[in-house]
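Chains, contacts and geometry: an overview
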Amino acid sequence: MRIDPFQSERLLSLWQNKVDYDFTETGVHPMFLHELVSREELDEIYASVQLRYIQTDGPPPLKEAICGLYEACGHENLLVTNGSAEANFLAVWHLVEPGDRVVAVLPNYMQVPGVARGFGAEVVPVYLRPEHAWGLDLEELEGAVRPGAKILYVTNPNNPTGAILSAAEMDAVVAAAEAAGAWLLADEVYRGAELDGESSPSFWGRYHKTIVVGGLSKAYTLPGLRLGWVLTDPELAATLWGYHDYTTISTNAVSERLARLALRPEVRARILERNHTISKRNLRGLSDWLAAHGDTFNFVPPRIGGVAFVGYNLPLGSTELVMQLLQEHSVLVVPGEAFGADRYLRIGYGNPRLLEGLALINETIERLRASM
Ligand SMILES: Cc1ncc(COP(=O)(O)O)c(C=O)c1O
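Residues numbered from 1 in each chain as written. Predicted model: local features only at pLDDT ≥ 70, side-chain atom pairs only at ≥ 80, totals over all residues. Heavy atoms only, no water.

Along its sequence, the chain is carved into domain 1 (7-32 + 267-370) and domain 2 (50-264). On a C-alpha basis, the centroid separation for the pair domain 1 and domain 2 is 25 Å. Between domain 1 and domain 2, the residue contacts involve 32 residues of the former and 31 residues of the latter. Taken together, both faces of the contact between domain 1 and domain 2 bury some 2,700 Å²; the carbon and sulfur share is 60%. A per-residue breakdown of the area domain 1 buries against domain 2 is headed by Arg-268, Arg-303 and Ile-304, which together make up 24% of the total. Inspection of the region where domain 1 meets domain 2 yields zero salt bridges. (Domains from an automatic or database assignment. Contact = heavy atoms within 4.5 Å. Buried area = accessible area lost by both parts, 1.4 Å probe. Salt bridge = Lys/Arg side-chain N within 4 Å of Asp/Glu carboxyl O.)

As a further point, take the state of the cysteines. Applying the stated rule across the entire model yields one disulfide. Note that Cys-67 is cross-linked by a disulfide to Cys-73, the S-S spacing being 2.1 Å. Here Cys-67 and Cys-73 share a disulfide; its torsion about the S-S bond, -60 degrees, makes the bridge left-handed. In this structure, Cys-67 and Cys-73 share a single accessibility class: buried. (Disulfide = S-S within 2.5 Å. Buried < 20%, exposed > 50% of the residue type's maximum accessible area, 1.4 Å probe, protein only.)

Before going further, it helps to spend a moment on the nonpolar core. Among the nonpolar cores identified, the biggest contains 130 residues, and Leu-152 and Phe-203 are the most heavily contacted of them. Built from parts of two domains, this core gets at least three residues from each of domain 1 (7-32 + 267-370) and domain 2 (50-264). Apart from residues lying up to four places away in sequence, Phe-203 is in contact with Val-154, Asn-156, Leu-165, Met-170, Val-173, Val-174, Leu-184, Ala-186, Glu-188, Thr-210 and Val-212. (Core = buried A, V, L, I, M, F, W, Y, C linked by side-chain atoms within 4.5 Å.)

So, about the pairing of strand β3 (residues 101-106). Counting buried positions along β3 yields six of six residues, so the element is predominantly enclosed. Alternating positions in β3 separate into two faces, Arg-101, Val-103 and Val-105 on one and Val-102, Ala-104 and Leu-106 on the other, with burial throughout. Note that β3 and strand β4 (residues 122-127) share six bridges and pair parallel. Looking at β4, one finds that Val-102 is bridged to Val-123. Crossover β3 to β4 through helix α6 (residues 111-118) is right-handed. Bridging between β3 and strand β5 (residues 151-155) involves three bridges; their strand directions are parallel. Pairing of Ala-104 across the sheet is with Tyr-153, part of β5. (Helix = DSSP H or I, 4+ residues; strand = E, 2+ residues; numbered from the N terminus. Pairing = 2+ DSSP bridges. Right-handed = clockwise from strand over helix to strand, strands pointing away.)

In this model helix α5 (residues 83-95) runs 19 Å from its N-terminal to its C-terminal C-alpha over 13 residues, within 8% of the 18 Å that 1.5 Å per residue would give. Burial in α5 covers these residues: Gly-83, Ser-84, Glu-86, Ala-87, Asn-88, Leu-90, Ala-91, Val-92 and Leu-95. (Expected span 1.5 Å × (residues − 1).)

Between α5 and helix α9 (residues 234-247), the shortest axis-to-axis distance is 10 Å and the interhelical angle comes to 105 degrees. Comparing their axes, α9 and α5 come out roughly perpendicular. Residues Glu-86, Phe-89, Leu-90, Ala-91, Trp-93 and His-94 of α5 form the contact with α9, whose own contacting residues are Leu-236, Thr-239, Leu-240, Tyr-243, His-244, Tyr-246 and Thr-247. When the residues that make up the contact of α5 with α9 are grouped by side-chain class, the tally is eight nonpolar, four polar and one charged. (Axes fitted to C-alpha atoms, helices over the stretch in contact; angles between N-to-C directions. Parallel < 35°, antiparallel > 145°, perpendicular 65-115°, else oblique. Nonpolar A, V, L, I, M, F, W, Y, C, P; charged D, E, K, R; others polar.)

Here the structure, examined in full by the defined rule, presents 14 salt bridges. Linking Glu-122 and Arg-101 is a salt bridge whose minimum nitrogen-to-oxygen distance equals 3.8 Å. Taken together, the positions of Glu-122 in strand β4 and Arg-101 in strand β3 put the pair 21 residues apart, joining distant regions of the chain. With a relative accessible area of 43%, Glu-122 lands in the partly exposed category. We classify Arg-101 as buried; its relative accessible area is 13%. For the salt bridge of Arg-367 with Glu-328, the shortest nitrogen-to-oxygen distance reads 3.1 Å. Here Glu-328 lies in helix α12 (residues 318-329) and Arg-367 lies in helix α13 (residues 354-370), a separation of 39 residues in the sequence. Among the residues examined, Glu-328 registers a relative accessible area of 37% and is labelled partly exposed. Each of Glu-328, Glu-363 and Arg-367 takes part in a single network of salt bridges with overlapping partners.

The strand order across the open sheet built from seven strands is β2-β8-β7-β6-β5-β3-β4, with neighbouring strands paired in mixed fashion. Both outer strands of the open sheet, β2 (78-81) and β4, are each paired with one neighbouring strand and no more. On average, adjacent strands in this sheet sit at an angle of 20 degrees to one another, irrespective of strand direction. Running over the sheet, α9 touches β2, β6 (183-187), β7 (210-215) and β8 (228-231) and is turned about 25 degrees from β2.

Further remarks concern the site of the ligand. Residues in contact with the ligand amount to 14 residues; listed here are only the nearest, Ser-84, Asn-159, Asp-187, Ser-217 and Arg-226. The side chain of Asp-187 places a nitrogen or oxygen atom 2.6 Å from a nitrogen atom of the ligand. If you map the ligand onto the pockets, it falls in the largest pocket. Sort the elements by how many residues they give to the shell around the ligand and α5 lands first, with four residues. Residues that form the shell around the ligand fall into these classes: four nonpolar, seven polar and three charged. (Near = heavy atom within 4 Å. Polar contact = N/O pair within 3.5 Å; in protein donor to acceptor, adjacent residues only side chain to side chain. 1 Å grid on protein atoms, 1.4 Å probe; cavity = no way out; pocket = protein on both sides within 12 Å on 5 of 7 lines; lining within 4 Å. Sits in = over half its atoms within 2 Å of the grid points.)

Written out as structure tokens, the structure is:
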């Protein structure tokens, strides 16, 4: 099987851990272990964790904690995976046959379109519209999700735009999937990162053919735990568990314990509060910086912490611009081209050194602007 390069992840794989200023992280700056656990908790983990394969679909105490995030969730609905990336992969691997129609709301993280295309699907895009604050064109959606479509894929809240679907848009997504008999694959890994502190509604429970994907990498800023999940009907959850036997078998024993800890109500509240505080402060800084460059930049302010999709008016494509910023200043952002939207940059704004890094690239931006 041949796959298209996963453009954004390839760039991160090559550069993320080599640059001075990494603004590719779409959650807020990841937590340090010492921010998550106390010495006593760490001692307890040290003394009691055995480094074995844990229950491969997810140990009951972890499932219990994850179910606490949803209405009407039973252990049989859940499969715990290595990141939400594995969850998405398993769903597409199982569902997609060559020639299937997969409708993807774009721009998005691009994993599902890439994998689905690799398995032979026809991937049909439905674009979020910047002129409608990254909202959906409902007619376009209805037209794209034809009867027989296999999957309707949405990322909500959305990476890279930071937008959140309205109640009417969610209704339309459910109706379109239902009318077509398609599986609704809803990647909700950013749920909990909302800047107004109101958790956005889940698609869970809206339609019997729903697959919700979640995880601890974004809203919880714990990507290094590699902890995600699939929430779906028991039959599909059991089937995907069989597929998980072939990929990674189980999640890791240390992450599982740390995940349980992170999902304790008081710890969860503390993590989300940390991230809201950083996001709000940094978003003000980012907005001021963009405004200071006159009409060079335009953006719809994101509604979640961590990620902003910024349009620009400069005389070069986004990949070229990103490479210039990388080479001249060791500052890394992701080109919009990786999401099928050139003349945009995805800026992860949750880094504590955001303003320092942005100040460094002023000179390049002004030089390019003057050359127009
Ligand atoms: C929408 C979306 N889904 C899934 C992932 C993969 O995340 P992880 O596997 O760390 O949970 C990402 C990462 O950026 C993402 O943005």
